[in-house]
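# Examining the three-dimensional arrangement
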Amino acid sequence: MTLLPVPTTAIIVVAAGSGTRLGAAAPKAFVRIDEHSMLRHALDGVFAANPMQVVIVAPAEYEGDAETALLEAAGERSGLGRVVVGGATRQQSVAAGLSALSDDITTVLVHDAARALTPPVQIDTVAAAVSTDAGVIPALPVIDTIKQVDAGDIVAVVDRSVLVAAQTPQGFPRALLDRAYAAALASGVEYTDDAALFAAAGHAVRHVTGSARAFKITTPADLERARQILAGPTASAPVVPRIGVGTDVHAFGGVGTLWLAGIEWPGEPALSGHSDGDAVAHAIVDALLGAAGLGDIGEHFGTSHPEYAGAHGEVFLMRTAELLAEAGFTIGNVSVQFQGNRPRFSARRAEAEAVLSAALGGAPVAISATTTDGLGFTGRGEGIAANAIALVHPIR
Ligand code: CTP
Ligand code: MG
């Protein structure tokens, strides 16, 4: 076990609040942001800063959970930490933390567990800036225009250039903070933060620059913001769908009956091809593979894949859907049009769409058909052409 020098700085992490405004089932500091609680994240920041004594102030009956978070975050510094039970107000909780400090402590930082993502450098900056006669708070300029109100009326604009928004940890010389807390206890006044209590005892408080990440998690929207930050930039970036295009042409002249759009057409002349010549299904395969950036039909189903000789379009589509799923895509929808004089399509449109859609795991497939006014190879009845577009979605 490593012997650590006895620190003269301590940080009191207050975590005893109930979190009324967050409205979760557990006390706020024990609500998870990701797989870890707010308290655990706050302690990760504390233990990444310079070594200091750590006093966690927990709600009654949560001492065990606080101990666990402490042991997990502290690593080999766990000997520097301890857990005490807090009080009914934040001020009482801080007082409980103060009374648990060891005698060697000369500088005390008070930190909200609810500012769970506070950067370690902010903790070190505050600790270093505390002097024997003045306290230090991290603060950020006020961005919003601030108004003074009286019931429904705006009565004054407040000059925001002289305002800052206070954060934690707030640092103080221990001897003066102890006395200021004793005075507050005697007076029964509840102050909004430790700096206000310290200033009320007649001491100076200075400020250093805080950080946006040190925001306090108060409401469900704040918790969501913390989750987004931890999930990283990709999580908040929109997932952009991708489209692909596919074309296929087959000549009449195959053996047997026609297979087109996944269904058999008895009495119609067959298309020729390595497989069943289903130009509609093949155009869809190329559109899907193209949208996902997975090459084309020749690569996955061509003559180098004899297992697909004579296979029906449905088989190609099922395998294509698998390839997309393996590559991390879901299929949005497919639209396909074929050009040809026959078969007469409209009576069997719904049937064909259902077969192709089922082969794609249920993604909608729309099929339209047109003739070309007697022009070109389709107009002369030599074969069929099909064009498809597909939309796919990357799975995050
Ligand atoms: N705190 C505390 N003891 C209390 C009240 C608050 O230790 N009796 C702590 C909270 O756990 C939090 C910090 O003080 O880390 C800041 O308080 P706040 O954000 O107001 O938390 P809650 O009081 O828990 O929330 P709410 O006011 O919405 O009930
Ligand atoms: Mg509160």
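Residues numbered from 1 in each chain as written. Chains lettered and ligands numbered in written order. Predicted model: local features only at pLDDT ≥ 70, side-chain atom pairs only at ≥ 80, totals over all residues. Heavy atoms only, no water.

Okay, the overall build of the protein next. Per the secondary structure count, the protein includes 13 helices and 15 strands. A compact globule built from 396 residues would reach a C-alpha radius of gyration of about 21 Å, whereas the protein, at 35 Å, exceeds it by more than 25%. Projected onto the principal axes, the alpha-carbon positions of the protein cover approximately 100 × 60 × 35 Å. Residues counted as buried form 45% of the 396 residues belonging to the protein. Sequence-distant contacts, at least 24 apart, represent 73% of the contacts inside the protein between residues at least 6 apart. Total accessible area on the protein stands at roughly 18,800 Å², and carbon and sulfur atoms take up 55% of it. The centroid of the 25 positive side-chain charges in the protein is displaced by 6 Å from the centroid of its 40 negative side-chain charges. (Helix = DSSP H or I, 4+ residues; strand = E, 2+ residues; numbered from the N terminus. Rg over C-alpha atoms; globule rule 2.2 N^0.38 Å. Buried < 20%, exposed > 50% of the residue type's maximum accessible area, 1.4 Å probe, protein only. Contact = heavy atoms within 4.5 Å. Areas by Shrake-Rupley, 256 points an atom, 1.4 Å probe, with all protein chains shown as cover. Lys, Arg positive; Asp, Glu negative; His and termini not counted. Charge placed at Lys NZ, Arg CZ, Asp CG, Glu CD.)

The next thing to look at is the packing of helix H9 (residues 279-292) against helix H11 (residues 313-326). The geometry of H9 relative to H11 is characterised by a closest axis approach of 9 Å and an angle of 10° between their N-to-C directions. Relative to H11, H9 is oriented roughly parallel. In contact with Ala281, His282, Ile284, Val285, Leu288, Leu289 and Ala292 of H9, H11 contributes Gly313, Phe316, Leu317, Thr320, Leu323 and Leu324. Partitioning the contact of H9 with H11 into residue classes produces 10 nonpolar, three polar and no charged. (Axes fitted to C-alpha atoms, helices over the stretch in contact; angles between N-to-C directions. Parallel < 35°, antiparallel > 145°, perpendicular 65-115°, else oblique. Nonpolar A, V, L, I, M, F, W, Y, C, P; charged D, E, K, R; others polar.)

With that settled, consider the sheet that holds strand E15 (residues 383-394). On the basis of which strands lie adjacent, the open sheet formed by five strands has the order E12-E11-E15-E13-E14 and mixed pairing. Two strands lie at the open edges of the sheet, namely strand E12 (263-271) and strand E14 (365-370), each paired on one side alone. Taking the axes of each pair of neighbouring strands and ignoring which way they run, one obtains an average angle of 35° across the sheet. Alignment of strand E13 (residues 329-339) against E15, held across 10 bridges, turns out to be antiparallel. Paired with Thr330 across the bridge in E15 is His393. (Pairing = 2+ DSSP bridges.)

The environment of ligand 1 is formed by 18 residues, the closest being Gly19, Thr20, Lys28, Ser93 and Lys216. Gly19 places a main-chain nitrogen or oxygen 2.8 Å from an oxygen atom of ligand 1. In this structure, Ala113 approaches ligand 1 through a main-chain N or O atom, which is 3.3 Å from an oxygen atom. Protein burial of ligand 1: of its 560 Å² of free accessible surface, 88% is covered by the chains. With respect to the detected pockets, ligand 1 is housed in the largest pocket. Here the residues of the shell around ligand 1 are counted per class, giving six nonpolar, seven polar and five charged. (Near = heavy atom within 4 Å. Polar contact = N/O pair within 3.5 Å; in protein donor to acceptor, adjacent residues only side chain to side chain. 1 Å grid on protein atoms, 1.4 Å probe; cavity = no way out; pocket = protein on both sides within 12 Å on 5 of 7 lines; lining within 4 Å. Sits in = over half its atoms within 2 Å of the grid points.)

Quantified by volume, the largest pocket comes out at close to 720 Å³. Around the largest pocket, the lining is made up of 33 residues, and of these Arg21, Lys28, Arg90, Asp112 and Lys216 lie nearest the centre. At the level of elements, helix H3 (90-98) and helix H6 (194-200) are the ones that each hand at least two residues to the lining of the largest pocket. Counting residues per element, the lining of the largest pocket draws most heavily on H3, which supplies three residues. Among the residues forming the lining of the largest pocket, the class breakdown is 11 nonpolar, 13 polar and nine charged. (Points joined across faces, edges and corners; volume = space filled by probe spheres on them.)

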